[in-house]
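# Reading the structure
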Amino acid sequence: MGATFNVLSRRTAIVVFLAFAFAYFFSALLRAITATLSPTLTREFELNARDLGLLAGGYFLGFAATQLPLGTWLDRHGPKKVILSFLLVALAGCLAFSAATSFSGLLAARMLCGVGVSACLMAPLTGFRRWLEPASQLRANSWMLMTGSFGMVASTLPVQWLMPVFGWRPLFWGLAAAIAVAMAVIAWKVPAWEVTAPAAGAPRRGYSEVWKHPYFRRMAPIGFFTYGGLLAMQTLWAGPWLVRVSGYAPLEAAGGLFIINICMLCTFWGWGMVNPWLARKGLSTERLIAVGLPLNFAVLASIIIAGPAAGAWAWALFCMTSTFVSLAQPAVGMAFPPAAAGRALSAYNLVIFAGVFVIQWGIGLLVDGFAAVGLGQVASFRSAMAVFFCCSVMSYGYFMLAKDNSPQ
């Protein structure tokens with residue numbers, strides 16, 4: 001299946017970006033809302049740390065399960081058709097979550113939500129690979145992530161303020177309605193994919209070229225542990241840490257998450273501003289990651305050592321220094337030809353979100369496990385984070401040792 005690769009005019013590119021960004025805003029809000037709702041859901045459904053981690057991770061499990069077919073469908077049918085089909089599932093997931101009466105019902109609905117929004121980033125990134133110049137792709141990726149940070153900001157204090165007025169269930173009715181509006185905007189503004197018939201006898205495109213690519217393999221471990229860990233903390237464990245370790249009240253914790261997500265919003269805006277300049281200066285993604293991640297590890301080690309003294313600003317700094325690894329995602333897409341961009345990006349997204357699921361649930365299991373052997377609540381959280389720290393450092397070690405395998 002071939003395709004026509006037309007660079008969009010500036011005006012059209014802005015309109016298309018905004019249409020996708022509107023959907024991604026609500027996708028990110030839906031992803032992060034469990035951190036704010038965790039005290040309410042824990043109380044109403046009598047959840048322990050393991051259940052909470054599984055519930056939050058269920059979104060990412062559903063998300064990850066779709067990534068391989070998603071990449072093939074994006075390359076074949078284009079972003080517009082694929083994202084509209086998936087958002088129907090997200091709408092159904094929101095309604096199912098609002099109606100859930102048990103933990104199993106919450107988990108099933110959460111997984112359905114993950115499936116439904118799983119195209120909200122990959123669809124625009126696939127389109128940008130064909131519609132934008134390389135420097136603009138890096139900027140668009142960072143600003144799309146900034147839009148996600150707007151959604152995460154909306155999932156904190158605004159959600160905490162609205163819950164006493166409406167309750168958490170009607171909030172999901174509102175999310176379903178917003179997703180329906182996003183679908184209408186995309187159907188109206190995003191151009192259709194232009195394709196040509198496949199050549200006679202052309203081999204079927206699969207994922208083997210992606211899995212075998214040395215650049216993909218180099219970036220995979222840091223995507224799993226560091227990028228996945230960033231999302232696991234931002235969308236879940238920063239909230240319980242603030243409540244159970246730092247002693248925040250639920251409203252204070254929502255304020256802390258608000259701070260974290262505002263900082264992330266500003267960070268991604270900054271990356272979008274400087275990425276074209278960095279590209280012109282020849283500062284590669286690999287070099288920026290190599291220099292930036294040790295700072296991230298130092299921040300995480302400080303949080304573990306500080307324990308209860310590590311509050312919202314410490315977690316904000318952790319998340320901000322984790323964003324060096326966000327540069328890997330568009331870099332992976334640009335390491336492949338445009339016709340394979342959907343598969344490459346979706347495969348890497350699978351790695352990231354599989355990491356989020358494993359880390360979110362794994363930390364919950366570790367917290368409960370350390371508590372079962374006699375550690376206190378604070379010590380259990382610190383020990384679980386120490387295990388995560390070791391895994392992240394090892395993934396960075398692999399990234400550094402594999403540097404000679406870069407395709408550049």
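Summarised in this report is the structure supplied together with it. Keep in mind it's a predicted model, so treat the numbers as computed, not measured.

Moving on, we come to helix H4 (residues 79-99). Its 21 residues give H4 an end-to-end C-alpha distance of 31 Å, which sits within 8% of 30 Å, the value for a rise of 1.5 Å per residue. Among all positions in H4, only Pro79, Val82, Ile83, Leu84, Phe86, Leu87, Ala90, Gly93, Cys94, Phe97 and Ser98 are buried.

Bringing the packing of aromatic side chains into the picture now. On inspection of all chains with the given rule, the structure shows 24 aromatic pairs. Consider the rings of Phe45 and Trp168, whose centres lie 6.3 Å apart with planes at 65°: the pair is edge-to-face. Residue Phe45 is found in helix H1 (residues 10-45), and its partner Trp168 is found in helix H9 (residues 168-189); the two are separated by 123 residues along the sequence. Look at Phe297 and Phe389: their rings are 6.4 Å apart centre to centre, the planes differ by 85°, and that puts the pair in the edge-to-face class. Taken together, the residues Phe297 in helix H13 (residues 285-306) and Phe389 in helix H17 (residues 377-401) connect sequence positions 92 residues apart. Among the residues examined, Phe297 registers a relative accessible area of 8% and is labelled buried. What links up through ring pairs into an aromatic cluster is the set Trp237, Trp241, Trp315, Phe318, Phe381 and Phe388. Its guanidinium or amino end placed over the ring of Trp188, Lys189 lies 4.0 Å from that ring's centre, counting from NZ or CZ.

The next thing to look at is a nonpolar patch on the surface. Nonpolar side chains collect at one region of the surface, where Leu162, Val165 and Phe166 lie side by side and expose about 300 Å² of accessible area between them. With respect to the helices and strands, the residue Phe166 is situated in helix H8 (residues 157-166).

Relative to each other, H1 and H4 sit at 25°, their axes nearing to 12 Å. Judged on the interaxial angle alone, H4 and H1 are roughly parallel. Along this stretch, H1 crosses H4, giving a crossing that reads as left-handed. Contacts between H1 and H4 involve Phe20, Ala23, Leu30 and Leu41 from the former and Pro79, Ile83, Leu87, Cys94 and Phe97 from the latter. Looking at the contact of H1 with H4, its residues break down into nine nonpolar, no polar and no charged.

The next point concerns the environment of His213. With respect to the helices, strands and loops of the structure, His213 is situated in the loop between helix H10 (208-211) and helix H11 (214-245). In sequence terms His213 and Ala335 are 122 residues apart; their C-alpha atoms lie 9.1 Å from each other.

Turning our eyes to something else, we now look at the nonpolar core. Generally speaking, soluble globular proteins have nonpolar side chains that are buried together. Core analysis: the largest hydrophobic core is formed by 141 residues, its most contacted members being Met233 and Trp315. Contacts of Met233, omitting those with residues within four sequence positions, involve Ala238, Trp315, Phe318, Ile359, Ile363, Met385 and Phe388.

On the secondary structure map, Asp75 appears in helix H3 (residues 67-77). A residue is classified by how much of its surface remains accessible, and Asp75, at 7% relative accessible area, is buried. A polar contact of 2.8 Å, which involves the side chain of Asp75, links it to the backbone nitrogen of Gly342. Of the polar contacts made by the side chain of Asp75, one reaches the side chain of Arg343; its length is 2.9 Å.

Another aspect to go through is the pattern of salt bridges. Side-chain pairs of opposite charge can arise whenever the charged atoms involved come near each other. Summed over all chains, the structure comprises five salt bridges. Linking Arg169 and Glu44 is a salt bridge whose minimum nitrogen-to-oxygen distance equals 3.4 Å. In this pair, Arg169 sits in helix H9 while Glu44 sits in helix H1, placing the two residues 125 residues apart along the sequence. Classification of Arg169 as partly exposed rests on a relative accessible area of 21%. The partner of Asp368 in a salt bridge is Arg50, with the nearest N and O atoms 3.5 Å apart. Here Asp368 is found in helix H16 (residues 341-372), whereas its partner Arg50 is found in helix H2 (residues 49-65), with 318 residues between them in sequence. A network of salt bridges, in which partner residues are shared, links Asp75, Arg130, Glu209 and Arg343.

Calculation rules
- Residues numbered from 1 in each chain as written.
- Predicted model: local features only at pLDDT ≥ 70, side-chain atom pairs only at ≥ 80, totals over all residues.
- Heavy atoms only, no water.
- Helix = DSSP H or I, 4+ residues; strand = E, 2+ residues; numbered from the N terminus.
- Expected span 1.5 Å × (residues − 1).
- Buried < 20%, exposed > 50% of the residue type's maximum accessible area, 1.4 Å probe, protein only.
- Phe/Tyr/Trp six-rings, centres within 6.5 Å; stacked < 30°, edge-to-face > 60°.
- Lys NZ or Arg CZ within 6 Å of the ring centre and 35° of its normal.
- Patch = residues over 30% accessible without salt bridge, like charges linked within 9 Å, V, L, I, M, F, W, Y side chains within 5 Å.
- Areas by Shrake-Rupley, 256 points an atom, 1.4 Å probe, with all protein chains shown as cover.
- Salt bridge = Lys/Arg side-chain N within 4 Å of Asp/Glu carboxyl O.
- Axes fitted to C-alpha atoms, helices over the stretch in contact; angles between N-to-C directions.
- Parallel < 35°, antiparallel > 145°, perpendicular 65-115°, else oblique.
- Left-handed = near helix turned anticlockwise from the far one by under 90°.
- Contact = heavy atoms within 4.5 Å.
- Nonpolar A, V, L, I, M, F, W, Y, C, P; charged D, E, K, R; others polar.
- Core = buried A, V, L, I, M, F, W, Y, C linked by side-chain atoms within 4.5 Å.
- Polar contact = N/O pair within 3.5 Å; in protein donor to acceptor, adjacent residues only side chain to side chain.

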